[in-house]
Amino acid sequence: MMIAPYKAAFSPYLCCLTLLILGISSIAQPDYEWKKVHDLGNRYEGTFSQKVGTEVLELVSIYTYFSSYDMRPESKDRLFVHFYLDKAYPVSIRAFEKEPKKYYWMEAKDIKTHPGWNVFGPWPVDSLVSLNISHEDVGVVIRLKNGNNNLFIPAHVSLSKHRQAISESCIGLVLKEELERGIVNFYQGIRFRSELSPTRSDPPNLYRLSHHPAGRVFNLCVEPKKYPGLTNGWITVHMRLRITNKTKPELYTFSYLHPA
């Protein structure tokens, strides 16, 4: 998932003046013919050469847990993707390499959802194993299909229909350009610009990013109880990234639902 930037002058107090919900465009999707050939019952799966986008930042994974699996050729392991919803939203579930090398792609067919915990599966690992792709290389992105491309649901990927204990959500991001430094703020709820006022009475939680090379994944792992004012539920992430050799920062905003 690509996150399209909004340009603005850099200010340490910018987060108190405005918070922008920015468009997130999908990476190139397999066409009907590809899906017809790679139809595996509950999903479409295979290799697909995705076009490289022009956006600086790409969200490549968001999860609360991802189990390792047997990488031997005879592996019979199967994955189950658990996810929590506060309402019965339609969702898209996709998996791909965080840093594309083999161009693996998995797209779940539509499933009926309900409030609470849902599960997609089974998802056999044979295709992943044949391409020598480990769980550390796979990104899973679940997004609401409600017209707002900025709303994500963390995946809980296990080897069974049972879930592990959950404490944090980890967001995998890839920058196409070198990061000099950055600031990330976390807000409770789905936050829009009109809902914020220029006041410091409710300071956002802050996380600082240091230098990071282009093309490599970095993770933001958030345990809500460790941040004042954050609880389970919808959390908005606002990022201001200073890219090396650029005078203006890149601004990105998206929200995700941390499970109850």
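Notes on the structure follow. (Residues numbered from 1 in each chain as written. Predicted model: local features only at pLDDT ≥ 70, side-chain atom pairs only at ≥ 80, totals over all residues. Heavy atoms only, no water.)

1. Observations regarding the overall build of the protein chain
Counting its secondary structure elements, the protein chain contains three helices and 18 strands. Relative to its full complement of 260 residues, the protein chain shows a buried share of 51%. In the protein chain, 79% of the contacts between residues at least 6 apart in sequence involve partners at least 24 apart. Entry remark: accessible area of the protein chain is about 12200 Å², with carbon and sulfur atoms responsible for 51%. (Helix = DSSP H or I, 4+ residues; strand = E, 2+ residues; numbered from the N terminus. Buried < 20%, exposed > 50% of the residue type's maximum accessible area, 1.4 Å probe, protein only. Contact = heavy atoms within 4.5 Å. Areas by Shrake-Rupley, 256 points an atom, 1.4 Å probe, with all protein chains shown as cover.)

2. Things to note about the pairing of strand β10 (residues 138–144)
For β10, a buried count of seven out of seven residues is recorded, marking the element as mostly surrounded by other parts of the structure. Neither face of β10 is left uncovered, since the one carrying V138, V140, I142 and L144 and the one carrying G139, V141 and R143 both have all their residues buried. Sheet topology note: the strand β7 (residues 91–97)/β10 ladder contains seven bridges and is antiparallel. By the bridge assignment for β10, S92 is matched with R143. Following β10, the chain reverses through six residues before pairing antiparallel with strand β11 (residues 151–153); G147 in that reversal takes a positive phi of roughly 95°. (Pairing = 2+ DSSP bridges.)

3. Regarding the environment of A165
Structurally, A165 is set in the loop between β12 (155–158) and β13 (169–175). You can call A165 exposed: its relative accessible area is 75%. Separated by 101 residues in the primary sequence, A165 and T64 have C-alpha atoms spaced 9.1 Å apart.

4. Digging into the nonpolar core
With 33 residues, the main nonpolar core has I171, M239 and L241 as its most contacted residues. When contributions to this core are tallied by element, the ones reaching two or more residues are β5 (57–66), β13, β14 (179–188), β16 (217–222), β17 (233–243) and β18 (250–258). Per-element tally for this core: the top contributor is β17, with five residues. In contact with M239, not counting residues within four places along its chain, are L57, L173, I183, V184, L209, F218, L220, E250, L251, Y252 and F254. Membership of the second largest hydrophobic core comes to 31 residues, among which are L79, I93, V140 and I153. (Core = buried A, V, L, I, M, F, W, Y, C linked by side-chain atoms within 4.5 Å.)

5. Things to note about unusual backbone geometry
In the segment running from G121 into P122, the intervening peptide bond is cis, with an omega of 0°. Residues other than glycine seldom take positive phi values, yet Y103 does so here, at roughly 60°. Along the chain, Y103 falls in the loop between β7 and β8 (104–108). For Y103, a relative accessible area of 34% gives the class partly exposed. A positive phi angle, close to 70°, is found at N245, a residue other than glycine. Its place among the elements puts N245 in the loop between β17 and β18. On the basis of relative accessibility, which here comes to 78%, the residue N245 falls in the exposed class.

6. Quick word on the state of the cysteines
For the structure on display, the rule yields one disulfide. Disulfide pairing places C170 opposite C221 at an S-S distance of 2.1 Å. Taking the sign of the torsion about the S-S bond as the criterion, the disulfide between C170 and C221, at about 115°, is right-handed. Of the two residues, C170 is situated in strand β13 and C221 in strand β16; the sequence distance between them amounts to 51 residues. (Disulfide = S-S within 2.5 Å.)

7. Details of the pairing of β5
Burial analysis of β5 places nine of its 10 residues in the buried class, the great majority of the element. Note that β5 and β13 share six bridges and pair antiparallel. Within the sheet, the bridge partner assigned to I62 lies in β13 and is I171. Strand direction decides the pairing type here: β5 and β12, joined by three bridges, are parallel. Bridge pairing links F66 to V157 in β12.

8. With respect to the packing of aromatic side chains
All chains considered together, the criterion is met by seven aromatic pairs. For the pair F152 and F254, a centre-to-centre distance of 6.1 Å together with 90° between the ring planes defines the contact as edge-to-face. Residue F152 is found in strand β11, and its partner F254 is found in strand β18; the two are separated by 102 residues along the sequence. Summarising the burial analysis for this pair, F152 and F254 share the class buried. (Phe/Tyr/Trp six-rings, centres within 6.5 Å; stacked < 30°, edge-to-face > 60°.)

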